[in-house]
Amino acid sequence: MIADALAVLTGIILAFAIQSIVKPLPNFVVFNHIALSLSMFPGFVIGAAFNHLYQARANERPGKEAHNVLNTVVVGAGTLVLVAFGMQYKDLSRLWVVLVTAGVAVAVLIERRSARYVFAHLRAERRILRRIVIVGTDAHAIGLLHTYARNPEFGYEVVGFVGSEDIGTRGGVRLLGPLGDLEQILCDHEVCGVVVSLASIEARDVNILARRLTDAGYHVALSSTLRDIDVTRLRPQQLDGRTMIYIEPVLRDGWRAMAKRIFDLTVASLVIVVSLPVTIVAMPLIKFSSPGGIFFSQVRVGRDGREFKILKFRTMVIDAEERKGELAALNESDGPLFKIAHDPRVTRIGGILRKLSIDELPQLLNVITGSMSLVGPRPALPSEVLEWDDEVRDRLRVLPGLTGMWQVSGRSDSSFEQYKRMDLYYVDNWSLAHDLRICWRTVPVVFSGSGAS
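Residues numbered from 1 in each chain as written. Predicted model: local features only at pLDDT ≥ 70, side-chain atom pairs only at ≥ 80, totals over all residues. Heavy atoms only, no water.

So, about the packing of helix α1 (residues 2–22) against helix α5 (residues 94–124). Axis separation between α1 and α5 bottoms out at 7 Å; the angle between their running directions is 140 degrees. Considering the angle they form, α1 stands oblique to α5. Here α1 and α5 pass one another in a crossing that is right-handed. Residue classes in the contact of α1 with α5 are distributed as 16 nonpolar, four polar and three charged. (Axes fitted to C-alpha atoms, helices over the stretch in contact; angles between N-to-C directions. Helix = DSSP H or I, 4+ residues; strand = E, 2+ residues; numbered from the N terminus. Parallel < 35°, antiparallel > 145°, perpendicular 65-115°, else oblique. Left-handed = near helix turned anticlockwise from the far one by under 90°. Nonpolar A, V, L, I, M, F, W, Y, C, P; charged D, E, K, R; others polar.)

Mapped onto the elements, Asp-4 comes out in helix α1. Not counting the four nearest positions on each side in its chain, Asp-4 is found in contact with Phe-44, Leu-53, Tyr-54, Val-108, Glu-111 and Arg-112. (Contact = heavy atoms within 4.5 Å.)

What follows is about the sheet that holds strand β2 (residues 156–162). What the five strands build is an open sheet, ordered β3-β2-β1-β4-β5; its pairing is parallel. Either end of the sheet is taken by a strand with one partner, and the two such strands are β3 (175–177) and β5 (219–223). Across the sheet, the mean angle from the axis of one strand to that of its neighbour is 35 degrees, orientation sign disregarded. Of the strand pairs in this sheet, strand β4 (residues 193–197) and β5 are connected by five bridges, and their pairing is parallel. Bridged to Val-195 within β5 is Ala-221. Running over the sheet, helix α6 (residues 139–150) touches β1 (130–135), β2, β4 and β5 and is turned about 160 degrees from β2. (Pairing = 2+ DSSP bridges.)

As a further point, take the nonpolar core. By size, the foremost hydrophobic cluster in this structure holds 37 residues, and its most contacted members are Leu-353, Leu-374, Trp-388 and Tyr-426. Element by element, the count of residues in this core is highest for helix α15 (residues 416–428), at six residues. Counting residues in hydrophobic clusters, the runner-up holds 26 residues, among them Phe-16, Leu-25, Phe-44 and Leu-99. (Core = buried A, V, L, I, M, F, W, Y, C linked by side-chain atoms within 4.5 Å. Buried < 20%, exposed > 50% of the residue type's maximum accessible area, 1.4 Å probe, protein only.)

Regular strands place their side chains on alternate faces of the sheet. Pairing of strand β6 (residues 234–239) with strand β7 (residues 242–247), which is carried by six bridges, proceeds in the antiparallel orientation. Across the sheet, Gln-238 pairs through a bridge with Thr-243, a residue of β7. What sits between the antiparallel neighbours β6 and β7 is a turn of two residues, in which Asp-240 has the positive phi angle 50 degrees.

Let us now look at the packing of α1 against helix α3 (residues 40–50). Put simply, α1 and α3 touch, their axes get as near as 11 Å, and they point 135 degrees apart. Taken together, the axes of α1 and α3 are oblique relative to one another. The chirality of how α1 crosses α3 is right-handed. In contact with Asp-4, Ala-5, Val-8, Leu-9 and Ile-12 of α1, α3 contributes Met-40, Phe-41 and Phe-44. Across the contact of α1 with α3, the residue classes tally to seven nonpolar, no polar and one charged.

A cluster of nonpolar side chains, contributed by Leu-14, Ile-18, Ile-21, Val-22 and Leu-95, occupies part of the molecular surface with about 450 Å² of accessible area. For the nonpolar patch, the leading source of residues is α1, giving four residues. Within the secondary structure, Leu-95 is located in helix α5. (Patch = residues over 30% accessible without salt bridge, like charges linked within 9 Å, V, L, I, M, F, W, Y side chains within 5 Å. Areas by Shrake-Rupley, 256 points an atom, 1.4 Å probe, with all protein chains shown as cover. Salt bridge = Lys/Arg side-chain N within 4 Å of Asp/Glu carboxyl O.)

All right, on to the packing of aromatic side chains then. All told, the structure shown has three aromatic pairs when counted by the stated rule. Arranged with centres 5.4 Å apart and planes meeting at 50 degrees, the rings of Phe-16 and Trp-96 form a pair that is tilted. Here Trp-96 lies in helix α5 and Phe-16 lies in helix α1, a separation of 80 residues in the sequence. Ring geometry for Phe-295 and Phe-313: centres 5.4 Å apart, planes at 20 degrees, overall stacked. Of this pair, Phe-295 sits in strand β8 (residues 295–301) while Phe-313 sits in strand β9 (residues 307–313), and the two are 18 residues apart along the sequence. Given a relative accessible area of 40%, Phe-295 falls into the partly exposed group. (Phe/Tyr/Trp six-rings, centres within 6.5 Å; stacked < 30°, edge-to-face > 60°.)

To continue, consider the pattern of salt bridges. One pass over the structure, following the stated rule, counts 16 salt bridges. The salt bridge partner of Arg-421 is Asp-228, with a shortest N-O separation of 2.8 Å. Here Arg-421 is found in helix α15, whereas its partner Asp-228 is found in the loop between β5 and β6, with 193 residues between them in sequence. Of the charged contacts, one joins Arg-397 and Asp-428 as a salt bridge, the two residues approaching to 2.6 Å between their closest N and O atoms. With Arg-397 in the loop between α13 (382–385) and β11 (401–403) and Asp-428 in helix α15, the pair connects residues that are 31 residues apart, well separated along the chain. Residues participating in the shared-partner salt-bridge network are Asp-4, Glu-65, Arg-112 and Arg-116.

Right, dumping it as structure tokens:
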């Protein structure tokens, strides 16, 4: 709250600074505007309350938080204007009102983004964690434990399980007692919330638990068996007192497909032009650093199972494919993937190109020709596709991408299960906004070399 207040003050000062440059106000008008700007603070507080700006659960997604911030700022600016009209203040500068609204919005959004980064960093160090218990002892409940353990930035510390079956110790977490002792367990272990695995609890017990625990001031989250469906596609409904969840369909055709294609062509063309100096430098380095050609071409599987040739800068020795068999024992990936952190087949120049993702620049030509998209699942080898089950084959419903969720979420550091889930999540929840977010996240990943191989 203090940080928000400072951000609002910063935005107001910024507005005055820009106003003084663009269209200076008389001194007495400036003084009146300063006094008037104070009304923005109570307006902001009112807006923050209505938009749940200080409830973590209402601001879990950055996009939702930005939406809440903008609504709050509009309420604050509206309060300022109403106060001016109520006082019949005739010298109110419309430009100043616009500048204050924009300045405060930008300042608060930047402050909130910075705070989110700080919180994530602290939680990754296992600080400021919220203590919770998992109700249930089934496989789904154990999976929840592993998810929280892998992602400390979520901000939760699982204290233990509550249920009827003793499952021993899982990841240092044990059964704390039966369901009947839940409230005493929560009190004894200073727990603030409960996550209920719906797969292991009777429906009647869930209703009783939810009412009892929320009345006692505990946070309650119900974990269903739904998986990899973006929360923005879920619509809560009610039928005779029963909670229903409607899942919005994903639309990939029509104007959306055309917009994606235009986006691909525009961005790919711009990147080709901007990266031309890098390409000019890279090509002779590849040619003279090791025997072989400049480019590497390989058959990959695209949309609907159609095969195409992917184009990359060569980063390995010329007989790399022939040596793959002798290196099978060094494979560090599970499933059909083949990855070696320090692959001996990679040339010295190739290692640099891979680290900076320069080797993938020729794939922009695949994007131009339509065999790939800027964003999509990783283009798989035919030998990998042969090992896929029917679920993984669903990723062939869209074009493979130059970048994607797998690449920006760890890339070669991810297991095959994570790789599969991230690609399927992308396919099942595609939107142009999702593509834009992935492209934005790709930039720091490329420059940091994170997960590149």
